[in-house]
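An overview of the molecular structure
These are the residues of each chain, in order.
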Amino acid sequence: MLKVNGWSSRWASLLLLCLAVCSLITPAVTVKHENFKTCDQSGFCKRNRAYADTALATSNWASPYSLDAASVKFEKGILTGIVSKKIATTGETVRLPLTVAFYESGTARVTIDEERRQKGDIELRHGSKAKKQRYNEAEKWAVVGGTSVSTGAAASKDAEAGTTKIVYGPASIFEAVIRHAPFGVDFKRDGETQIKFNDQGMLNMEHWRPKVDKPVAEKKEGEEDVAAEADAEDEGTWWDESFGGNTDSKPRGPEAVAMDITFPGYQHVYGVAEHAGPLSLKESRGGDGKYSEPYRLYNSDVFEYEMDSPMTLYGAIPFMQAQKKDSTVGVFWLNAAETWIDVTKSTTAANPLSFGIGSSVTTQTHWISETGLLDVFVFLGPKPQDVIGAYSELTGYTQLPQQFAIAYHQCRWNYVTDDDVKDVDRKFDRYNIPYDVIWLDIEYTEGKKYFTWDPMTFPDPLGMNKQLDEHERKLVAIIDPHIKNEANYPIVEELKSKDLAVHNKDDNIYEGWCWPGSSYWIDCFSPKGREWWKGLFRYDKFKGTAKNVFIWNDMNEPSVFNGPETTMPKDNLHHGHWEHRDLHNINGMTLVNATYEALLARDKSEDKHHVRPFVLTRSFYSGSQRLGAMWTGDNQAAWPHLEASIPMVLSMGVSGFPFAGADVGGFFGNPSKELLTRWYQAGAFYPFFRGHAHIDTRRREPYLAGEPYTQIITQALRLRYSLLPAWYTAFHEASVSGAPIVRPNYYVHPGDEKGFDIDDQLYLGSYGLLAKPVTKEGQEGQDIYLADKEKYFDYFDFWTYEGPGTVTVAAPLETIPLLMQGGHIFPRRDRPRRSSGLMRYDPFTLVVVLGHSGDAEGTLYLDDGESFDFEAGASIHRRFSFVGATSTLMSEDLAAAAAAAPSKKAKDYLKLMEKVRVEKIIIVNAPAAWKGKEEVEISEGLDGESAAARKVTLDWHPKEAGKAAWAVVRDPGVRIGGGWKIGFA
Ligand SMILES: *[C@@H]1O[C@H](CO)[C@@H](O)[C@H](O)[C@H]1NC(C)=O
């Protein structure tokens, strides 16, 4: 046995770490392909790809699924019926209940279940049991709204055509045409087909069948196995399946669900995060520059993951969008089991003599899940925001985080003592580098026992927290779902005695290996488990924590070092007797749910002003955006990883989970100073901005880089801090509409086909701020793609560019390529501070960027940045607009309705912010007519209160070669939360 105290435990864990992942220590970095299945090694994927091949290769392939017309009923926005599957070999029919729901939002949903699996349990060994049903609780975890059924939807049957047609959606412009035989659905908008289900005949629901022990027929040499040829299905993995020395028992037999979904006329598809590859998904069935494996979704701890790959990563969002000129549509495949998605494209010429003109690309996708219902939501757009908005209405909006959470986070594995933490904190101050949060990885615990502190290295956590709090800084501590199996550890004793851990296939507590060695896993699918977990974070339970301590949930895929594919066996059992295979991809989210609830409860129990929880997760599913932030896991200190981080973060943004970032500097390995610097410049544009490093790397806090690097990194951090009001407003927008925080070209310019596959530049919120961080070594210039006929200005020196087309921006090391698109106004706070909390009452700068129209607008959302008081209207929400024709800048209230009858909290907040002013207004591309004008006229009090008009100075700066003219109004003295107007002419 390992001795488990002090240094011996540290050695034990290092040894364990080495046993599990020894390659970590060597810099040679390639993913261990052999640890993860290919489609061919995953029985159900292989069977369904073979099924697809048969369907495609058979000239008159008839899908054996048909909707029994007599069974079809339509009532109150919901169609029901029975789909029959005809089994060719036996003539038998399998009944599959179908539901097609039409929601008010315009979203449609197709669900298919299986009658014979709906009741009863499966007896397992030792008298334990598993549910026989197809897993139907993914909805419970993922879907939180948007499911009120449409009263306007109307159905009609066309007996001759053999279809049922439903007209639905806003203004009744959507149509679902359900084909009875073979079963299929065409979704149309304005009469044009956008999405087709089962058009290629790949629908396949593996039906319930009893296990028969067939005698293994001995085959004589030279003898053809005729029967096996005819019934080509590979039954070898129906009842058990082995991989990497683990055998998965499959008490329910084969039960995959699969279907093809076609997007006719759509060249690009995006989504199905998380993968390390381009934003626009590649074809996956082989060929030049294409993948030969499907995109896989099976949340896994993939060490040293590779670039440009459809391999699975830590999280799964089975939501896909398709894009063609001026049209976006999407589907959400609600299934929590292991899922594979093939993508192929085909080109059809409109006319054989047209020489490609008028030809169109169609994207076909093939979705394959191991178990569960077939349950697909359909979004018909037409704009990117319509699709993301509808998906977000279903799965929930991004949590509005505390302001500190969108500032800079300093992490490493590990800050080794509380003195070390305090020292790093002081050094940031000494070097005038802003940061908000310092993080503790697993080593702070006593022997990897969560909810404890190592008494040798962290004797005074409260003192440490107190020092951080002096500058409004926070601590984030890691808490993982594996609980050390060790005597005299009260947490594990309770976990066992209350029976709250995940069970193995024999329904006994499941034991596996993770950081602490032998461990058990909390089952957060269990309401009792979550309730217990909630209690563990109380200040009197998790001693050493204080109000400025928040939580990081790692390893929640879950990562199990000795498990199949580094995770749990699929035949493990969870609350409700569901098998792990049914709900694997949701597992990580349930832990974050419990942790979020725990942080809420922690404050409530103190009956104080309670603050919004912050939880970072590695594993996620659709809906995780409601609970916190994610990061892209264990990347490497290598240029390709920096480069890949941009499409990965953009992909999260259009997948409804925009609070995303990659480890700045790269987790494994030591970055060169140039790479580290460039990474900070890129990180300043990640919604989640954290530097992190592996235990074997050298220290790399920004102040250690030396000049000029430390200065350049500090500038990148200051840029982030000065733009925090814009970031916070973008987060607010995401929290009410689901809009991405950083946006790819196609989202901002859905009519610009040339920009559909651009994924190395991004727009911040709705501000027209276009960044393209340098991601290549030695690169001194950056080509930026401008989609529209508009003026763009360099953020720092107002150098003027004009779209459409590609422009080259100088990008020496000290520069972040960042342009301002004409037509926008954005807010900043320009006074350098140690942390964002200290900026709370700082004055604002407004930057007005004038383009071709001469008009500009932008918004500002502001609240206390920490509590829930904003829910009672305690916020400032302004719209700034500049009208070229009259040369006036105005501030209007966007929350005027709430302001009419303000709550006490709303009034208190406005009072608190009364003195906060605009200290500067910069007008980029200021009209030449302002030359010689020395004053602007200010009228305040437009929100009701009275104030006299007054004049302040205007400074006008003429154009210099290549740069825009600009003007500045210093100290206009107007309130940030008030209504006012400034006349420039
Ligand atoms: C956590 O999950 C439970 C059960 O599904 C749900 O009722 C609750 O709202 C979730 N909490 C959060 C913060 O989403």
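Residues numbered from 1 in each chain as written. Predicted model: local features only at pLDDT ≥ 70, side-chain atom pairs only at ≥ 80, totals over all residues. Heavy atoms only, no water.

**Things to note about the domain arrangement of the protein**
Interface size is often expressed as the accessible area that is lost when the parts come together. Taken domain by domain, the protein holds domain 1 (43-212 + 238-375) and domain 2 (750-983). Computed from C-alpha atoms alone, the centre-to-centre distance between domain 1 and domain 2 is 44 Å. Contacts between domain 1 and domain 2 engage 10 residues on the former and 7 residues on the latter. Across the domain 1/domain 2 interface, buried area totals approximately 700 Å², and carbon plus sulfur atoms make up 52% of it. Across the domain 1-domain 2 interface, the total number found is 6 residue pairs in polar contact (both at pLDDT 80 or more). Sorting the residues of the side of domain 1 that touches domain 2 by element identifies strand 17 (268-271) and strand 19 (319-324) as the ones contributing at least two each. Taken together, the residues of the side of domain 1 that touches domain 2 sort by class into 3 nonpolar, 4 polar and 3 charged. (Domains from an automatic or database assignment. Contact = heavy atoms within 4.5 Å. Buried area = accessible area lost by both parts, 1.4 Å probe. Polar contact = N/O pair within 3.5 Å; in protein donor to acceptor, adjacent residues only side chain to side chain. Helix = DSSP H or I, 4+ residues; strand = E, 2+ residues; numbered from the N terminus. Nonpolar A, V, L, I, M, F, W, Y, C, P; charged D, E, K, R; others polar.)

**Topic: helix 8 (residues 490-497)**
Listing the buried residues of helix 8 in full gives Ile491, Val492 and Leu495. Looking down the long axis of helix 8, one finds its buried residues gathered within 95 degrees of arc, a one-sided arrangement. Helix 8 presents Pro490 and Ser497 as exposed residues on the side facing more than 90 degrees away from its buried surface. Check the buried side of helix 8 and you find it contacts strand 27 (482-484), strand 29 (517-521) and helix 9 (527-536). With its phi angle positive at about 55 degrees, aspartate 499 sits one or two positions after the end of helix 8. (Buried < 20%, exposed > 50% of the residue type's maximum accessible area, 1.4 Å probe, protein only. Arc of directions from axis to C-beta.)

**Remarks on the pattern of salt bridges**
Enumeration according to the criterion identifies 67 salt bridges in this entry. Residues lysine 324 and glutamate 192 are paired through a salt bridge, measuring 3.0 Å at the closest nitrogen-oxygen approach. Within this pair, whereas lysine 324 is found in strand 19, its partner glutamate 192 is found in strand 12 (residues 192-197), the two being separated by 132 residues in sequence. Owing to a relative accessible area of 15%, lysine 324 belongs among the buried residues under this scheme. Relative accessible area serves as the criterion here: at 43%, glutamate 192 is assigned to the partly exposed category. Note that arginine 950 and glutamate 940 form a salt bridge whose closest N and O atoms lie 3.0 Å from each other. With a gap of 10 residues between them, arginine 950 in strand 53 (residues 950-957) and glutamate 940 in strand 52 (residues 935-940) connect regions that are remote in the sequence. (Salt bridge = Lys/Arg side-chain N within 4 Å of Asp/Glu carboxyl O.)

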